[in-house]
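Survey of secondary and tertiary structure
This is what each chain is made of:
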Amino acid sequence: MQPTNTEAPEHFHKVVDCQWACPAHTPVPEYIRLIAQGRHADAYMVNWKSNVFPGILGRTCDRPCEPACRRGRVDEEPVAICRLKRVAADSKGDVAARMPTPSPVKIGRTVACIGAGPASMTVARDLAPFGFDVVVYDAEAKSGGMIRSQIPRFRLPESVIDEEMGFVTALGPKMRLGERVDSLKALLAEPYDAIFVGTGAPRGRDLDVPGRREAAANIHIGIDWLSSVSFGHIESIGRRVVVLGGGNTAMDCCRTSRRMGGEEVTVVVRSGFEEMKASPWEKEDAMHEGIPIRNFMVPKAFTHEDGKLTGVVFEKVAPVIDERGRRVTRPTGEPDEHIACDDVLLAIGQENSFPWIERDIGIDFDEWGMPVVDPVTFQSTNPRVFFGGDAAFGPKNIIWAVAHGHEAAVSIEHFCRGQDVRLRPPPGMALSSQKMGIHEWSYDNDVSLDDRQKVPMLETSVALADVKAEVELGFDVARALAETQRCLNCDIQTVFATPLCIECDACVDICPTDCITFTVNGEEDELRPRLKAPALNLTQDLYVSGSLPTGRVMVKDEDVCLHCGLCAERCPTGAWDMQKTLIEMTQAGGGCLK
């Protein structure tokens, strides 16, 4: 294998598993250390630069960082990264003075953003401080998109949405709220240099089975029903409720139903429990509130009497492997089951709806009615129009929408400058030694033995009595500090200097995970199995040194390293050093337009 190029950011970026897994590449260990030091405002600003909505995401993020967390490979429980993000947001104090200010100099470029959800507001956040005139359209009276309309207040207080949307609007975009865009062709006729579409996936899927039409008055599309609850248009629901679907929207529907008068609320899913799309913690919260989840049941018909819904008939299915080797469900042959109910909420998926985008304006659509969008630049086949968030590639979550907004903003800036929209300057990377003495580091390298902290919850009886009462109470100072100590500081890299190594193997002897091996070089597939501890995770690169005097190389399995620093403390020549990497992703605003 060739020596690892540690001058480029990619290798050390991948070592920081949580940051690598985060779509917005938030420098997680950096802000966790700041929280540990009580520097909550600094931690918030580190978050705000990358993920834009720390208070919102600290409550609602889908947490792709946590399954990637190295701590989860040590004791099976990752660091509570998301909840620590909320700690920074809740304890930051007044940070208004630390926010960018609108540019006093306008550059003569105007960008329209359709929809005021997380993707569009990220584009506005990135472009407005650099002299772009940004105009944001949304049919609703307040910004936030699905964040405001579909996430229940018991998970996300409206005050948090108002504050973080306010940080963006303070940067100077013109907010044309309450204005629905009914024709993209008409908007293209206006003098906008570029248009960004961030309208989300606004249409919930319906279910066409017998009885749907006759019992329509008590069968509701889940996302529409949640919106009506959020805006105060609905204040109650029937005593017996069936929620169809296994995603996060279904969990929001069933938990909201319990607060709106539903005494017997049941979630019914066609898949198995483990295959449900809902996040594990969302399922746990629903069951904690006394909501049963029934799996492997497919709705066959709605029953009704005199136009009133009486229940749902379900066919029982089981998983089997089909002729192509795919896991599918097939009827078991057991008798159908009837679940009596007064209302049904359909949360079986969401899809995009673009009736307002004409088909003669140069935007191609695929067979599923989705716009053809470049996955790197987010540009459509009409060069002036860019897409992001759920509107680009279908329903995901907020952090993905933010990541799309960042990338689209870079592309829009390049497009307005007449540059290649595919141009992506590499991320910035800074390496700095943490050495403060022979055996001292400027970070705490002890590995905490504490279990993951449990977040305090509002008493169930109180929570179910108020649809706006926030259920998760968040970490207090003591719990937050204890949880920060579980972070393994994966951004403190073990950096190896080949010329200083005398091949004493002291680092090999002291390494608690056997992740360092001195051996003859070879091809990767042949080298991995013969390391001191075989390197089995092929997604994590090996760290390979240049050739040493004996002809051997140092090979380190980055996958299992604890970043404890013992190798650097034990090394007699200083060949190992603990160096902090700070990786910042490229964002818009790299230059002035002419």
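I will try to describe carefully the structure that is included in this document. Computed from a predicted structure; not experimentally measured.

The next subject is the overall build of the protein chain. Within the protein chain one finds 22 helices and 22 strands. Here the protein chain has a C-alpha radius of gyration of 26 Å; the compact-globule value for 594 residues is 25 Å, and the two agree. In the protein chain, once contacts between residues fewer than 6 apart in sequence are set aside, the share between residues at least 24 apart is 71%. In the protein chain, the 65 positive side-chain charges and the 86 negative ones have mean positions that sit 2 Å from each other.

Turning our eyes to something else, we now look at the pattern of salt bridges. Evaluation of the coordinates by the stated rule reveals 50 salt bridges. Across the pair R33 and E30 runs a salt bridge, and its minimum N-O distance is 3.0 Å. Residue R33 and its partner E30 are located together in helix α3 (residues 28-36), separated by three residues, close to a single helical turn. Where R528 meets E524, a salt bridge forms, and the shortest distance between an N and an O atom there is 2.9 Å. Three or more residues are tied together by salt bridges with common partners; here these are D17, R70, R73 and D559.

Now for the nonpolar core. Within the largest apolar cluster, 65 residues are counted, with the highest numbers of intra-cluster contacts made by L127, L184, L187, I357, F387 and I412. If one sorts the elements of this core by residue count, helix α17 (residues 398-416) sits on top with eight residues. Those residues in contact with L184 that lie beyond four places of it in its chain are I114, I195, W356, I357, E358, I361, I363 and V385. F12, F496, C571 and W576 belong to the second-largest nonpolar core, a separate cluster that totals 23 residues.

With that settled, consider the environment of D133. Relative to the assigned elements, D133 resides in strand β2 (residues 133-138). In this structure, the C-alpha to C-alpha distance between D133 and V111, residues 22 residues apart in sequence, is 6.2 Å. Apart from residues lying up to four places away in sequence, D133 is in contact with K106, R109, T110 and V111.

Cut-offs and rules
Along each chain, residue indices are assigned from 1 in the same order as the chain's sequence is written. A pLDDT threshold of at least 70 governs which residues receive local features in this predicted model, and a stricter bar of 80 or more applies before side-chain atom pairs are shown or counted, although totals over entire chains, interfaces and linings include all residues. Side-chain figures throughout are based on the complete set of non-hydrogen atoms in the structure, without hydrogens or water. By definition, any uninterrupted DSSP run of H or I lasting at least four residues is a helix, any uninterrupted run of E lasting at least two residues is a strand, and each is numbered from the N terminus. C-alpha atoms define the radius of gyration, and 2.2 Å times the number of residues to the power 0.38 defines the globule rule. Pairs of residues are marked as contacts when any of their non-hydrogen atoms sit within 4.5 Å. We score Asp and Glu as negative and Lys and Arg as positive, and we do not count His or the chain ends. A single reference atom marks each charge: NZ on Lys, CZ on Arg, CG on Asp, CD on Glu. One speaks of a salt bridge when a side-chain nitrogen belonging to Lys or Arg is within 4 Å of a carboxyl oxygen belonging to Asp or Glu. Nonpolar cores were defined as sets of buried Ala, Val, Leu, Ile, Met, Phe, Trp, Tyr and Cys residues, with membership established by side-chain atoms within 4.5 Å. Throughout this description, buried means an accessible area under 20% of the type-specific maximum (1.4 Å probe, protein chains only), exposed means over 50%, and partly exposed covers the range between.

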